[in-house]
Amino acid sequence: QRRGPAETAAADSEPDTDPEEERIEAGSLPPELLVEIFASLPGTDLPSLAQVCTKFRRILHTDTIWRRRCREEYGVCENLRKLEITGVSCRDVYAKLLHRYRHILGLWQPDIGPYGGLLNVVVDGLFIIGWMYLPPHDPHVDDPMRFKPLFRVHLMERKSATVECMYGHKGPHNGHIQIVKKDEFSTKCNQTDHHRMSGGRQEEFRTWLREEWGRTLEDIFHEHMQELILMKFIYTSQYDNCLTYRRIYLPPSRPDDLIKPGLFKGTYGSHGLEIVMLSFHGRCARGTKITGDPNIPAGQQTVEIDLRHRIQLPDVENLRNFNELSRLVLEVREQVRQEQQQQQDGEGPAPPQEPLSARGPPGAPAEEGGDPRGGAAAAEQPAQSGQGQPFVLPVGVSSRNEDYPRTCRMCFYGTGLIAGHGFTSPERTPGVFVLFDEDRFGFVWLELKSFSLYSRVQATFRNADAPSPQAFEEMLKNIQSLTS
Ligand SMILES: [Zn+2]
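Residues numbered from 1 in each chain as written. Predicted model: local features only at pLDDT ≥ 70, side-chain atom pairs only at ≥ 80, totals over all residues. Heavy atoms only, no water.

- The chain has the name F-box only protein 31 in an unreviewed UniProt entry, where Ictidomys tridecemlineatus is given as its organism.
- Recorded under Sequence similarities (unreviewed entry), the UniProt text for the chain is reproduced unchanged: "Belongs to the FBXO31 family."
- Entered under Subcellular location (unreviewed entry) in the UniProt record, the comment concerning the chain runs "Cytoplasm". (UniProt positions renumbered as here; feature names shortened; annotations may be inferred.)

Right under this line is the structure:
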């Protein structure tokens, strides 16, 4: 009998009919119709309906109502008949599993020292599963993400849901989940002996390194003694005991964004592949680390792209000359510095904004000086005509990945964050953001003389959208403050 404002207004505008007369006693409706009505209401409204009268309460025991709620609210399409064998009803699944654990669905970042990580909690059949996402093996940025289950929750009996730890190689075993607050929860393993391997600690550690990081002890030993010690610390302390997760949201997307924001896999030299979130903030774009390393921890802003300052690359021949690129970038840096200075000096409003050349037709080739050879090279590739300009890394710039794209759409001035071990003396250093296509970009770190290639994470994530742009900004701020 509840009326929305629109209905009430409509009733008021028709004085001929008395709204009271049109009401039907809900209790007099046939049960089949009530089932149909109740099944279309949000599951969270149903408990209060059950308190109206005994008839309603009885009807709410109809399992088809709850089956539909499980399907529509949580996407459970599983053949729920399996449940009958164990005596578990769809109502139990809804109330004791899905509704009870709804706050842990979505994307999370585990608190593992500087390393961070990406956990995706999903409803999968009659399970809630926490999948840890790992980047592909270095340097294959275009390979899909790897994932492994860390825990699962399901209803084995009517009473309550069972939490199982999935870590290790001996199968699921007893675990525990604690929802600390709305955007934080922690997991605990109650049977860490299941993580043990017959070969002892050494074998376990080697397997962990190989499976999660795609590396051997010897690899790392040569590269980073410090990192090895830290990894060993994470391995022994965190995985054996308890992990805490903090919620992360995917960046909100607007139609005028340069490309669709989202998660990317990027090369970070000897640190291997890391997960970075690209988001747009008006005149700049940011890359935030979802996974990190002992130099730059997770949560920090690895690159910042100045969308007002495009960099026109020279033709390929000149591009091979590192000093030429360096000169171009430092010129822009000086320009940026002067603009900032002017902005600080002038008390008035900010200087007039430059038109956003970035927002011009993507891929408009920036041929300067009209090098006939450059023009010819472009003409040889009709498939890419108007789609980009030739790109090559300057001699002396190192890249993990030799098969980076050889054409790009456009480039911008940007800064990249570098720091010593343990995030000591962090500094933003100049670089070039290179947009290759909708799913790939690169960053030339001028001071490091190195190149990072980023490729989009193609997986789709449910329950990962920010409730508002403000909530997203807040989340970015929070994960950054945790490690700085
Ligand atoms: Zn365990």
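1. Some details on the overall build of the chain
For step 1, the next point in the chain: Of regular secondary structure, the chain possesses 15 helices and 19 strands.
For step 2, the next point in the chain: Residues classed as buried in the chain amount to 46% of the 484 residues present.
For step 3, the next point in the chain: Within the chain, residue pairs in contact and separated by at least 24 positions form 58% of the contacts whose partners lie at least 6 positions apart.
For step 4, the next point in the chain: As displayed, the chain offers around 24,400 Å² of accessible surface, 51% of which is attributable to carbon and sulfur atoms. (Helix = DSSP H or I, 4+ residues; strand = E, 2+ residues; numbered from the N terminus. Buried < 20%, exposed > 50% of the residue type's maximum accessible area, 1.4 Å probe, protein only. Contact = heavy atoms within 4.5 Å. Areas by Shrake-Rupley, 256 points an atom, 1.4 Å probe, with all protein chains shown as cover.)

2. A look at the nonpolar core
For step 1, the next point in the chain: Ranked by internal contacts, the top residues of the largest apolar core, which has 50 residues, are Phe 38, Ile 65, Val 121, Phe 151, Val 153 and Phe 185.
For step 2, the next point in the chain: Per-element tally for this core: the top contributor is helix H8 (residues 90–99), with 5 residues.
For step 3, the next point in the chain: Counting residues domain by domain, this core receives three or more from each of domain 1 (5–77) and domain 2 (102–245).
For step 4, the next point in the chain: The residues touching Phe 185, leaving out its near neighbours within four places in the chain, are Ile 104, Trp 108, Leu 119, Val 121, Phe 151, Ile 177, Gln 178, Ile 179, Val 180, Leu 243, Thr 244 and Tyr 245.
For step 5, the next point in the chain: Within the second largest apolar cluster, 25 residues are counted, among which are Leu 319, Val 392, Tyr 404 and Phe 436. (Core = buried A, V, L, I, M, F, W, Y, C linked by side-chain atoms within 4.5 Å. Domains from an automatic or database assignment.)

3. Quick notes on unusual backbone geometry
For step 1, the next point in the chain: A cis amide bond, omega 0 degrees, links Asp 138 with the succeeding residue Pro 139.
For step 2, the next point in the chain: Looking at where Pro 139 falls in the secondary structure, it is placed in the loop between strand S3 (127–134) and strand S4 (146–154).
For step 3, the next point in the chain: In this structure, Ser 425 takes a positive phi of about 35 degrees despite not being glycine.
For step 4, the next point in the chain: Position of Ser 425 relative to the elements: it lies in strand S17 (residues 424–437).
For step 5, the next point in the chain: One non-glycine residue, Asn 463, lies in the positive phi region at around 55 degrees.
For step 6, the next point in the chain: When you line up the elements, Asn 463 lands in the loop between strand S19 (450–456) and helix H15 (469–483).

4. Structural notes on the packing of aromatic side chains
For step 1, the next point in the chain: Tallied over the entire structure, the rule returns 21 aromatic pairs.
For step 2, the next point in the chain: Each ring, one from Tyr 268 and one from Trp 445, has its centre 6.4 Å from the other, and the planes form 70 degrees; the classification is edge-to-face. One end of the pair, Tyr 268, is in the loop between strand S9 (262–267) and strand S10 (273–281); the other, Trp 445, is in strand S18 (residues 440–445), and 177 residues separate them in sequence. Just as Tyr 268 is buried, Trp 445 falls in that class too.
For step 3, the next point in the chain: Seen from their ring centres, Phe 412 and Phe 433 are 6.3 Å apart, and the 40 degrees between their planes marks the pair as tilted. (Phe/Tyr/Trp six-rings, centres within 6.5 Å; stacked < 30°, edge-to-face > 60°.)

5. Structural notes on the packing of helix H6 (residues 63–74) against H8
Two measures define how a pair of helices packs: the angle their axes make with one another and the distance between the axes.
For step 1, the next point in the chain: For the pair H6 and H8, interaxial distance at closest approach is 7 Å and the crossing angle is 35 degrees. For the pair H6 and H8, contact is made by Asp 63, Trp 66, Arg 67, Arg 69, Cys 70, Glu 73 and Tyr 74 and by Cys 90, Arg 91, Val 93, Tyr 94, Leu 98 and His 99, respectively.
For step 2, the next point in the chain: Considered class by class, the residues forming the contact of H6 with H8 number 7 nonpolar, 1 polar and 5 charged. (Axes fitted to C-alpha atoms, helices over the stretch in contact; angles between N-to-C directions. Nonpolar A, V, L, I, M, F, W, Y, C, P; charged D, E, K, R; others polar.)

6. Describing the sheet that holds S3
Picture the strands of a sheet paired through backbone hydrogen bonds; they go either parallel or antiparallel.
For step 1, the next point in the chain: Pairing is antiparallel around the closed barrel formed by 8 strands, whose spatial order is S1-S2-S3-S4-S5-S6-S7-S8. The sheet shows a mean angle of 35 degrees between the axes of neighbouring strands, taken without regard to direction.
For step 2, the next point in the chain: Direction of pairing for strand S1 (residues 106–110) relative to strand S2 (residues 118–124): antiparallel, over a ladder of 3 bridges. Note on S2: the bridge partner recorded for Leu 107 is Asn 120.
For step 3, the next point in the chain: Packing against the sheet, helix H9 (residues 200–213) makes contact with S3 and S4, and its axis sits at approximately 105 degrees to S4. (Pairing = 2+ DSSP bridges.)

7. Description of the confidence of the model for the chain
For step 1, the next point in the chain: In this model, the chain carries an average pLDDT of 82, and 79% of its residues clear a pLDDT of 70 or more.
For step 2, the next point in the chain: Considering only residues more than four positions removed or in separate chains, one finds that residues 1–15, a stretch of pLDDT under 50, has 10 contacts.
For step 3, the next point in the chain: A low-confidence stretch, residues 351–385 stays under pLDDT 50, and its non-local contacts, those more than four residues away or across chains, total 36 contacts. (pLDDT = per-residue confidence, 0-100.)

8. What about the pairing of S17?
For step 1, the next point in the chain: Relative to S17, strand S16 (residues 410–420) runs antiparallel, the two sharing 10 bridges. Bridging across to S17, Gly 420 finds its partner in Thr 424.
For step 2, the next point in the chain: Taking the residues between adjacent antiparallel strands as the criterion, S16 and S17 are bridged by 3 residues, where Gly 422 takes a positive phi near 80 degrees.
For step 3, the next point in the chain: Pairing between S17 and S18: 6 bridges, direction antiparallel. Considered in S18, the bridge of Val 432 is made with Val 444.
For step 4, the next point in the chain: Between S17 and the antiparallel strand that follows it, S18, lie 2 residues.

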